Amino acid sequence: MNRSSCLLASALTAGMLLSTAACSSDDGNASGRTDRSASPAAASASPAAASPVADEPRAAASSASASPAVHGLTKDEAHTALITNTDLGSQWTASEGAATWRDALLKSKVDASQFVTDKGNAADCQKLLDGLYAEDLLGEPKGESADTGFDDSDNEAQMRYEVTAYGRQALDDRFTWLDSLPDKCDQFTAVSPKGGRQTVQVIHTDLDDAGDARKGLQIKMTGDLDDNPDTLTLDFAAVRVGDSALSLTNGGLSGAEHDSTTQATEAGADRLKDVLNGKSPKPTQG
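Our subject in this report is the structure included herewith. The structure presented is a predicted model; accordingly, all values stated were derived computationally and were not measured. (Residues numbered from 1 in each chain as written. Predicted model: local features only at pLDDT ≥ 70, side-chain atom pairs only at ≥ 80, totals over all residues. Heavy atoms only, no water.)

A few points about the overall build of the chain
Broken down by element type, the chain carries eight helices and nine strands. Looking at the 286 residues of the chain, the share that counts as buried comes to 38%. Put simply, of all contacts in the chain between residues at least 6 apart along the chain, 62% involve residues at least 24 apart. Carbon and sulfur atoms make up 50% of the accessible area of the chain, which totals about 16,200 Å². (Helix = DSSP H or I, 4+ residues; strand = E, 2+ residues; numbered from the N terminus. Buried < 20%, exposed > 50% of the residue type's maximum accessible area, 1.4 Å probe, protein only. Contact = heavy atoms within 4.5 Å. Areas by Shrake-Rupley, 256 points an atom, 1.4 Å probe, with all protein chains shown as cover.)

Next up, the structure:
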């Protein structure tokens, strides 16, 4: 073979090799695959190795499963979740109206002069009294609600019971605030609409393990009612179930039967949970 033929053969061979390499490169890009065994250092250093596009749907699915949608209350469901007097005992009947002590005692104003070092506590104590009177200690509802009332023939106590949708974060924030009140408002003086001075005490109370979160308080107000010394004792209880909650006040001038409070929260939490899960509440056991 002469020199010209050798040069031509070499050029053809080199061209074929370059063409093969180019085709191989194109095939790799089209398939989206990387030969990690050929260059592990390059593969690990490449941002594409983490497959961010593939990971995003997986992360979104994980987030969705961790925070499932909560079933909201309709008006009918809120009414269905209410307890009845059969959940409380034979002494409880449907309420015949608000007791006279509501306006005489719960409309009182905090004497702010006693809070010398922390005026914020005076505001919290006033918020407590206002919430008891307005029956909105859990704040502004974010959904449907229903309420009912009962009278206790044994001690003339009254219970007001409510089921409302609020939103989980709003409820958790309000429970944190309620938890602070026995420290902020341990004992303070309030003045009634007629100018009478009352001593108010706030303490924690225990509730059985009902719902997702729970908070119990007892409020005692000692002062003059119609020019006679009296003590109003009220249980306040709230239980969160999902994004909704039940709350109640129970008590009167002859005290608060705490067993009735816990009985109501236990039965009510079960009913609310069933309703939120799309089930019919179990009938009350007689």
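Topic: the sheet that holds strand E6 (residues 197-205)
With antiparallel pairing, nine strands are arranged side by side in an open sheet as E1-E3-E4-E9-E8-E7-E6-E5-E2. Unpaired on one side and paired on the other, strand E1 (92-94) and strand E2 (109-110) mark the two borders of the sheet. Against the sheet, helix H7 (residues 168-184) engages E6, strand E7 (213-225), strand E8 (228-241) and strand E9 (244-252), with an angle of about 45° to E7. (Pairing = 2+ DSSP bridges. Axes fitted to C-alpha atoms, helices over the stretch in contact; angles between N-to-C directions.)

Observations concerning empty space enclosed by the protein
Unfilled space is identified by rolling a water-sized probe across the atoms. In this structure the tally under the stated criterion is one cavity of 30 Å³ or more. Lining the largest cavity are 13 residues, with Glu135, Asp136, Arg160, Phe236 and Ser247 positioned closest to its centre. Elements with a minimum of two residues in the lining of the largest cavity: helix H6 (119-134), strand E4 (158-165) and E9. Looking at side-chain class alone, the lining of the largest cavity contains six nonpolar, three polar and four charged residues. (1 Å grid on protein atoms, 1.4 Å probe; cavity = no way out; pocket = protein on both sides within 12 Å on 5 of 7 lines; lining within 4 Å. Points joined across faces, edges and corners; volume = space filled by probe spheres on them. Nonpolar A, V, L, I, M, F, W, Y, C, P; charged D, E, K, R; others polar.)

What about the pairing of strand E3 (residues 145-152)?
Summarising the sheet, E1 and E3 pair through three bridges and their orientation is antiparallel. In the sheet register, Thr93 faces E3, and the bridge partner there is Asp151. With seven bridges joining them, E3 and E4 adopt antiparallel strand pairing. The residue bridging Thr148 from the neighbouring strand is Tyr161, located in E4. Where E3 folds back on E4, the antiparallel hairpin that results is connected by five residues, among which Glu156 adopts a positive phi of roughly 60°.

Description of the environment of Gly131
Summarising the element assignment, Gly131 is placed in helix H6. Apart from residues no more than four positions distant in its own chain, Gly131 is found in contact with Asp136 and Leu137.

Brief notes about a negative patch on the surface
Taken together, the side chains of Asp206, Asp208, Glu266 and Asp270 make up a negatively charged region of the molecular surface. Inspection of the secondary structure puts Glu266 in helix H8 (residues 258-276). Look at Glu266 and you get partly exposed, because its relative accessible area is 33%. (Patch = residues over 30% accessible without salt bridge, like charges linked within 9 Å, V, L, I, M, F, W, Y side chains within 5 Å. Salt bridge = Lys/Arg side-chain N within 4 Å of Asp/Glu carboxyl O. Lys, Arg positive; Asp, Glu negative; His and termini not counted. Charge placed at Lys NZ, Arg CZ, Asp CG, Glu CD.)

Comments concerning H6
With 16 residues, H6 extends 23 Å between its outermost C-alpha atoms, agreeing within 8% with the 22 Å of an ideal straight helix rising 1.5 Å per residue. Buried within H6 are the following residues: Asn121, Ala122, Asp124, Cys125, Gln126, Leu128, Leu129, Gly131 and Leu132. If you check the start of H6, you find a side-chain oxygen 3.0 Å away from the backbone N of Gly120, and it comes from Asp118. Glu135 lies just past H6 and shows a positive phi near 60°. (Expected span 1.5 Å × (residues − 1). Polar contact = N/O pair within 3.5 Å; in protein donor to acceptor, adjacent residues only side chain to side chain.)

A few points about unusual backbone geometry
Glycine aside, residues mostly have negative phi angles, and peptide bonds mostly take the trans form. With phi around 60°, Glu135 is a residue other than glycine that occupies positive phi space. Note on placement: Glu135 falls in the loop between H6 and E3. On the basis of relative accessibility, which here comes to 29%, the residue Glu135 falls in the partly exposed class. Non-glycine residue Glu156 carries a positive phi angle of around 60°. Within the element layout of this structure, Glu156 appears in the loop between E3 and E4.

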